Structures are given as C-alpha cells and as structure tokens.
Amino acid sequence: DADALLRPHLAHREQEYLYVLHLNTRNHLIGDPLQVYHGSLNTSLIRIGEVFRQAIKLNAAGIIVGHSHPSGQPDPSADDITVTRALREAGALLDIALLDHLIVAQNGFVSLRERGLLS
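Structure report, in brief.

Calculation rules
Residues numbered from 1 in each chain as written. Predicted model: local features only at pLDDT ≥ 70, side-chain atom pairs only at ≥ 80, totals over all residues. Heavy atoms only, no water. Helix = DSSP H or I, 4+ residues; strand = E, 2+ residues; numbered from the N terminus. Pairing = 2+ DSSP bridges. Axes fitted to C-alpha atoms, helices over the stretch in contact; angles between N-to-C directions. Salt bridge = Lys/Arg side-chain N within 4 Å of Asp/Glu carboxyl O. Buried < 20%, exposed > 50% of the residue type's maximum accessible area, 1.4 Å probe, protein only. Polar contact = N/O pair within 3.5 Å; in protein donor to acceptor, adjacent residues only side chain to side chain. Phe/Tyr/Trp six-rings, centres within 6.5 Å; stacked < 30°, edge-to-face > 60°. Lys NZ or Arg CZ within 6 Å of the ring centre and 35° of its normal. Core = buried A, V, L, I, M, F, W, Y, C linked by side-chain atoms within 4.5 Å. Contact = heavy atoms within 4.5 Å.

Topic: unusual backbone geometry
Positive phi, normally seen in glycine, also occurs at Asn27, with a value near 60 degrees. Secondary-structure assignment places Asn27 in the loop between strand E1 (17-23) and strand E2 (34-38).

Here's the deal with the sheet that holds strand E3 (residues 62-68)
One open sheet accounts for five strands, arranged E2-E1-E3-E4-E5; its pairing is mixed. Strand pairing shows two members of the sheet lacking a second neighbour, E2 and strand E5 (108-111), which therefore form its edges. With direction set aside, neighbouring strand axes in the sheet form an average angle of 25 degrees. In the sheet, E3 pairs with strand E4 (residues 97-105) via seven bridges, with the strands oriented parallel. Looking across to E4, one finds that His67 is bridged to Ile103.

Here's the deal with the pattern of salt bridges
Taken as a whole, this structure holds five salt bridges when the rule is applied. The shortest N-O distance in the salt bridge between Arg47 and Glu50 comes to 3.1 Å. Residue class for Glu50 comes out partly exposed when judged on its relative accessible area of 27%. A salt bridge links Arg115 to Asp75, with the shortest nitrogen-to-oxygen separation between them at 3.7 Å. Of this pair, Arg115 sits in the segment after E5 while Asp75 sits in the loop between E3 and helix H3 (78-94), and the two are 40 residues apart along the sequence.

Structural notes on the environment of Ser68
Relative to the helices and strands, Ser68 resides in strand E3. A polar contact is formed between the side chain of Ser68 and the backbone oxygen of Gln15, at a distance of 3.1 Å. Polar contacts involving the side chain of Ser68 include one to the main-chain amide nitrogen of Tyr17, which spans 2.9 Å.

Observations regarding the packing of aromatic side chains
Aromatic ring pairs: the centre-centre distance and the angle between the two ring planes describe each pair. A full pass over the atoms with the stated rule returns zero aromatic pairs. Looking at Arg13, its charged tip hangs above the ring of Tyr17, at a distance of 3.7 Å from the centre.

Describing the nonpolar core
By size, the foremost hydrophobic cluster in this structure holds 15 residues, and its most contacted members are Val51, Phe52, Ile63 and Val65. Counting residues per element, the ones that place at least two in this core are E1, helix H2 (48-57), E3 and H3. Broken down by element, this core gets its largest block of residues, three residues, from H2. Beyond its immediate chain neighbours, meaning those up to four positions away, Val65 contacts Leu18, Tyr19, Val20, Val51, Leu87, Leu98, Asp100, His101 and Leu102. Counting residues in hydrophobic clusters, the runner-up holds 11 residues, among them Leu10, Tyr17, Ile64 and Val104.

What is shown is where atoms sit, not what they do.
Here's what the structure looks like:
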C-alpha cells in the first residue's frame, strides 16, 4: 500500500527525494505524502529532526519513509541502512514508530522492514 502511495511521487525522479507518510494508531494515513527532502543525483543529506517535525505536529503514531533511487535500482545502500537505524532510534525516543523505509525506483521497490533491516 505504501508503495502505491509513494510511487507517483518517487519512481520517475532524476534526483533523490524523501517523502514521509504519517499514520494514526490504526495505521490510517493522516494527510497527503509529505516531501521532506530533495537531494542530488545520488545523495540526500537528511536531518533526522526534519523527518519527524510534521509527525509531531500531527500527533502521528507512526511513519513510513520512502525515498527514490534515480539509478532505477531499489537496492539499499549502506547509507540507507544507517539512516534507517537513526530514524528508528529517534522515533523510539519520540514514541513515533518507524513502520517501514521504502526505496522506490523505476524497477520496483524494496521494503527495509521486509529485508529485516528495521530491527
């Protein structure tokens, strides 16, 4: 479901973009997907606090983060895994669960939760 929401915003991008889906306690979407970052061809410097800013304002119980891979391949990089861990830890401190981190590309998507990289 998250891929269907994020794909229109991410799959066609020629630079990295990061979007956040805000969810209530029943995992229903609060508002529209929110663009948080726009990076370069292969990098996006992410400030963890910015990712959670709107989630705090919306009193979200959880978030799903998705970002684009302009290469067309959705395989996670070492940086993607590092950022995911930082987001998970920050979310735990804020009592906002990081439910998943999707990498969306023209050739599909990868769920870091399904790959066991969120624990």
